[in-house]
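Coordinate analysis (summary)
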Amino acid sequence: MSDQVLILAYLRPSRCAAVHAALRALGVGWSESRVAGHGNAAGGHAVEHTRFEVVVDKDQAEQCQTAIAEAAHTGAAGDGLITIVPLFSVQRVRDQRPL
């Protein structure tokens with residue numbers, strides 16, 4: 001089992017700049033993509049969100065989750081969702097080295 005976790009955050013696109021700044025301040029990298037989903041606040045309509053994928057050591061997970069949540073928060077329905085998933089294995093493709 002890896003000592004790393006995957007943080008998945010589904011957030012308002014309008015909050016991306018603030019989330020970018022928060023993640024940069026922590027010195028972590030991320031991937032992001034545009035997604036559409038049907039959450040509880042959607043009222044049956046597809047809602048556009050940005051999905052952030054962040055891999056960090058377990059001991060950084062809470063700090064990273066808090067930074068994302070604070071940067072993305074507006075207080076309105078549809079602010080988003082953050083999940084943390086344990087990773088079984090992580091390997092860098094370039095040199096085939098486990099991380």
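Summary of the structure given here.

Procedures and definitions
Residues numbered from 1 in each chain as written. Predicted model: local features only at pLDDT ≥ 70, side-chain atom pairs only at ≥ 80, totals over all residues. Heavy atoms only, no water. Helix = DSSP H or I, 4+ residues; strand = E, 2+ residues; numbered from the N terminus. Buried < 20%, exposed > 50% of the residue type's maximum accessible area, 1.4 Å probe, protein only. Areas by Shrake-Rupley, 256 points an atom, 1.4 Å probe, with all protein chains shown as cover. Lys, Arg positive; Asp, Glu negative; His and termini not counted. Charge placed at Lys NZ, Arg CZ, Asp CG, Glu CD. Pairing = 2+ DSSP bridges.

Quick notes on the overall build of the protein chain
- The helix and strand tally for the protein chain stands at 2 helices and 4 strands.
- The order of α-helices and β-strands along the protein chain, N terminus first, is β-α-β-β-α-β.
- Referenced to the eigenvectors of the C-alpha coordinate spread, the extents of the protein chain come out at roughly 45 × 25 × 20 Å.
- Across the 99 residues of the protein chain, 31% fall into the buried class.
- Accessible surface, the protein chain: about 6,200 Å² in total, of which carbon and sulfur atoms supply 52%.
- Between the centroid of the 9 positive side chains of the protein chain and the centroid of its 10 negative side chains there is a distance of 6 Å.

Quick notes on the pairing of strand E1 (residues 4–11)
- Most of E1 sits out of view: 7 of its 8 residues are buried.
- Pairing between E1 and strand E3 (residues 47–57): 8 bridges, direction antiparallel. For leucine 11, the partnering residue across the bridge sits in E3 and is threonine 50.
- Bridge count between E1 and strand E4 (residues 80–86): 7 bridges; the pairing is antiparallel. Bridging across to E4, leucine 11 finds its partner in glycine 80.

Take it as geometry only, folks, not as evidence of what the structure does.
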